[in-house]
Amino acid sequence: MSTPQRITHLVAGSPWQGTAERTSEVFNPATGEVSGVLDLASADLVGDVVAGAKQAWQDSWRSLSLAKRQAVLFSFRELLNRDKERIAELITAEHGKVLSDAVGEVTRGLEVVEFACGIPHLLKGGFTENASTKVDVYSMRQSLGVVAVISPFNFPAMVPMWFVPVAVACGNAVVIKPSEKDPSATIAIAELWREAGLPDGIMNVVNGDKEAVDALLAHPDVKAVSFVGSTPIARYVYETGTSHGKRVQALGGAKNHMLVLPDADLDLAADAAVNAGFGSAGERCMAISALVAVEPVADELIEKIKDRMGKLRTGDGTRGCDMGPLVTRAHRDKVASYVDAGVEAGADLVVDGRDGAFDADGDGFFLAPTLFDKVTPEMSIYADEIFGPVLSVLRASSYDEGLDLINSNPYGNGTAIFTNDGGAARRFQSEVEVGMVGVNVPIPVPMSYYSFGGWKNSLFGDSHAHGTEGVHFFTRGKVVTSRWLDPSHGGLNLGFPQND
Ligand code: NAD
């Protein structure tokens, strides 16, 4: 057993040199061993980091030319691409997801960096010549100052990169508070910014728990907060942050449904259900956890899913397995307790992940893929976000019944319809009350130049992540009305200005 590594904050581009009053353990979920001891930030330290970030923003970044900012972004893109595998290894070591999935996560984050490289175009304002006689009007978007990003454990690279490249490109300074369960990939990525030429102080990482989050939410110099995590915490962050006068986007939990119509290609649907249900051990905010089969397809579809599940290999993410462990022992036990509850509530347990075999050494946090049939809406395996490899099949008698079920759910992050009927798909995309919709695509994560975000309890606030909504979130608009003197100007007029 190797000695746990100290993991600390990144302040103004360098590892923090202080001594933490509180620490927490970071685990390798595949072995169950403690791999790191993480420094947790006090409110005072958060205050110091925010002050340094504000100073750096005022001294340099806010007024640096767009061409110079863009050069840093291009350089950061190259460095991230160079270190993709190294960062993926850090993700697998602390989160547990298999290496290929971790590489995919970094790649999706890289797409946001590429989007942010186009910042000069994205920040272009409008110009109206002669809005009034010899009066021009033009608009601009300016940076906010210090912004905070608070991220969850399930995408330690991609989720911070939904926000950070756009915030930096827009001219802000950033303080990131990663999940205390798997902070190392976030820190490693943040370190690359200095190498890319970002001035010290513009990129900072504070590790911590509620104390650090509360300090960020209350600090008057933090102007905006981008949060991603579970719904109760997202609601708390939104309400607390806005009560302190901040701009907040708080992305919450999910219960994503896949609606399979009788005319669907059932092989495609079965592949999709298994990939989207069990990829990353179901710990994706866009995972499919409820499959709604419109009869008469349920029996045939379940057989196909069961057949595919039999071929999956669960184990250590570095060994070429299909699925890794859950993030902590407590989370593994919570997910297993939902399987117990599903059985007790009368759902049909078609495949029991509690009996699974695992390709790993040590005492990892494993639970194999699990499939329930004949699940009903009042059962906790349907009503709650389990966030594990548990797929529930609900049977519906019609498209309308399936749609009602989805629209009655309090979450609205992602959903997908599987059908060969273009009219049905078109109706679904219009009628479903969910923020991201797939048509024969099970995990419809938008490209970086669109915006990511759910509806209802899956997002609090008005702005989705990245794309033009991200640029708007991290900037403030200003409109200038201007007249330059020429020989015809002048004269007194105390009336309200009107166009002439
Ligand atoms: P979490 O809510 O436990 O933690 C998220 C962040 O909040 C972490 O940085 C954590 O340190 C902090 N936090 C935890 N408790 C807090 C408290 N009491 N006060 C203040 N801050 C607190 O979420 P998680 O378990 O890390 O991540 C999984 C959740 O995130 C799931 O619900 C998942 O659906 C959601 N998620 C949503 C999206 C989306 O796009 N909507 C994306 C990824 C993850």
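Fair warning: this is a prediction, and the values are worked out from it, not measured in the lab. (Residues numbered from 1 in each chain as written. Predicted model: local features only at pLDDT ≥ 70, side-chain atom pairs only at ≥ 80, totals over all residues. Heavy atoms only, no water.)

### Description of the overall build of the protein chain
- When its secondary structure is counted, the protein chain shows 16 helices and 23 strands.
- When the backbone C-alpha atoms are referred to their principal axes, the protein chain occupies close to 85 × 60 × 40 Å.
- Taking all 500 residues of the protein chain together, 55% fall into the buried category.
- A separation of at least 24 residues holds for 73% of the contacts in the protein chain among residues at least 6 apart in sequence.
- Roughly 20600 Å² of accessible area belongs to the protein chain as shown, and the carbon and sulfur atoms make up 51% of that amount.
- One way to put it: in the protein chain the 43 positive side-chain charges average out to a point 7 Å from where the 63 negative ones average out. (Helix = DSSP H or I, 4+ residues; strand = E, 2+ residues; numbered from the N terminus. Buried < 20%, exposed > 50% of the residue type's maximum accessible area, 1.4 Å probe, protein only. Contact = heavy atoms within 4.5 Å. Areas by Shrake-Rupley, 256 points an atom, 1.4 Å probe, with all protein chains shown as cover. Lys, Arg positive; Asp, Glu negative; His and termini not counted. Charge placed at Lys NZ, Arg CZ, Asp CG, Glu CD.)

### What to know about the sheet that holds strand β15 (residues 348-351)
- Sheet architecture is open: seven strands sit in the order β15-β16-β17-β14-β13-β19-β20, paired in mixed fashion. Each end of this open sheet is capped by a strand with a single partner; those strands are β15 and β20 (436-439). With direction set aside, neighbouring strand axes in the sheet form an average angle of 20 degrees.
- Pairing of strand β14 (residues 288-294) with strand β17 (residues 390-396) involves five bridges; the strand directions are parallel. Residue A290 lies in a different strand from β17, and its bridge partner there is S392.
- Against the sheet, helix α11 (residues 298-309) contacts β13 (256-260), β14, β15, β16 (370-373) and β17, and its axis sits at roughly 170 degrees relative to β16.
- Against the sheet, helix α15 (residues 422-431) contacts β13, β19 (414-418) and β20, and its axis sits at roughly 165 degrees relative to β19. (Pairing = 2+ DSSP bridges. Axes fitted to C-alpha atoms, helices over the stretch in contact; angles between N-to-C directions.)

### A look at a positive patch on the surface
- Together, R62, K223, R476 and K478 make up a region of like positive charge exposed at the surface.
- By the element assignment, R62 lies in the loop between α1 (43-59) and α2 (66-82).
- Classification of R62 as partly exposed rests on a relative accessible area of 43%. (Patch = residues over 30% accessible without salt bridge, like charges linked within 9 Å, V, L, I, M, F, W, Y side chains within 5 Å. Salt bridge = Lys/Arg side-chain N within 4 Å of Asp/Glu carboxyl O.)

### Side note on unusual backbone geometry
- Residue P296 is reached from E295 by a cis peptide bond, and omega for that bond is 20 degrees.
- Despite not being glycine, N130 shows a phi value in the positive range, around 55 degrees.
- Mapped onto the elements of the fold, N130 is located in strand β6 (residues 127-132).
- Even without being glycine, A281 reaches a positive phi, approximately 55 degrees.

### Description of the packing of α2 against helix α6 (residues 158-169)
- In the contact formed by α2 and α6, the axes pass within 9 Å of each other and the chain directions differ by 150 degrees. By the angle between their axes, α2 is roughly antiparallel relative to α6. Of the residues in α6, those in contact with R69, L73 and L80 of α2 are M161, P165, V168 and A169.
- A breakdown of the residues in the contact of α2 with α6 according to their chemical character gives six nonpolar, no polar and one charged. (Parallel < 35°, antiparallel > 145°, perpendicular 65-115°, else oblique. Nonpolar A, V, L, I, M, F, W, Y, C, P; charged D, E, K, R; others polar.)

### Remarks on the site of the ligand
- The environment of the ligand is formed by 28 residues, the closest being K177, E180, S230, G252 and E385.
- Backbone polar atom of S151 to an oxygen atom of the ligand: 2.8 Å apart, as the coordinates give it.
- In the environment of the ligand, an oxygen atom lies 2.7 Å from a nitrogen or oxygen atom belonging to the side chain of S230.
- Protein contact buries 88% of the 840 Å² of open area that the ligand shows by itself.
- Cavity membership is defined here by more than half of the atoms lying within 2 Å of grid points; on that basis the ligand lies in the largest pocket.
- The set of elements that each furnish at least two residues to the shell around the ligand consists of α8 (210-218) and β11 (222-228). (Near = heavy atom within 4 Å. Polar contact = N/O pair within 3.5 Å; in protein donor to acceptor, adjacent residues only side chain to side chain. 1 Å grid on protein atoms, 1.4 Å probe; cavity = no way out; pocket = protein on both sides within 12 Å on 5 of 7 lines; lining within 4 Å. Sits in = over half its atoms within 2 Å of the grid points.)

### Re the environment of F153
- Structurally, F153 is set in the loop between β8 (146-150) and α6.
- The spatial distance from the C-alpha of F153 to the C-alpha of P183 is 8.0 Å, given a sequence separation of 30 residues.
- Leave out the neighbours within four places in its chain, and F153 touches H95, S179, K181, D182, E283, V327 and F387.

### Some thoughts on the domain arrangement of the protein chain
- One can read the domain layout of the protein chain as domain 1 (5-252 + 458-480) and domain 2 (256-439).
- The C-alpha-based centres of domain 1 and domain 2 are spaced at 31 Å.
- Listed as interface residues are 20 residues of domain 1 and, on the opposing side, 27 residues of domain 2.
- Across the domain 1 to domain 2 interface the summed buried area is about 1800 Å²; carbon plus sulfur atoms make up 62%.
- On the domain 1 side of the interface with domain 2, the three residues burying the most area are A30, V98 and S458, jointly 27% of the side's total.
- Joining domain 1 to domain 2, the criterion identifies one salt bridge.
- For R284, the salt bridge identified is with D101, shortest N-O distance 2.9 Å.
- On inspection of domain 1 and its partner domain 2, the count reaches eight residue pairs in polar contact (both at pLDDT 80 or more).
- Breaking the side of domain 1 that touches domain 2 down by element, the ones donating at least two residues are α3 (84-95) and α4 (99-116).
- When residues in the side of domain 1 that touches domain 2 are grouped by element, the largest group, three residues, is from α3.
- Residue composition of the side of domain 1 that touches domain 2, by class: eight nonpolar, eight polar and four charged. (Domains from an automatic or database assignment. Buried area = accessible area lost by both parts, 1.4 Å probe.)

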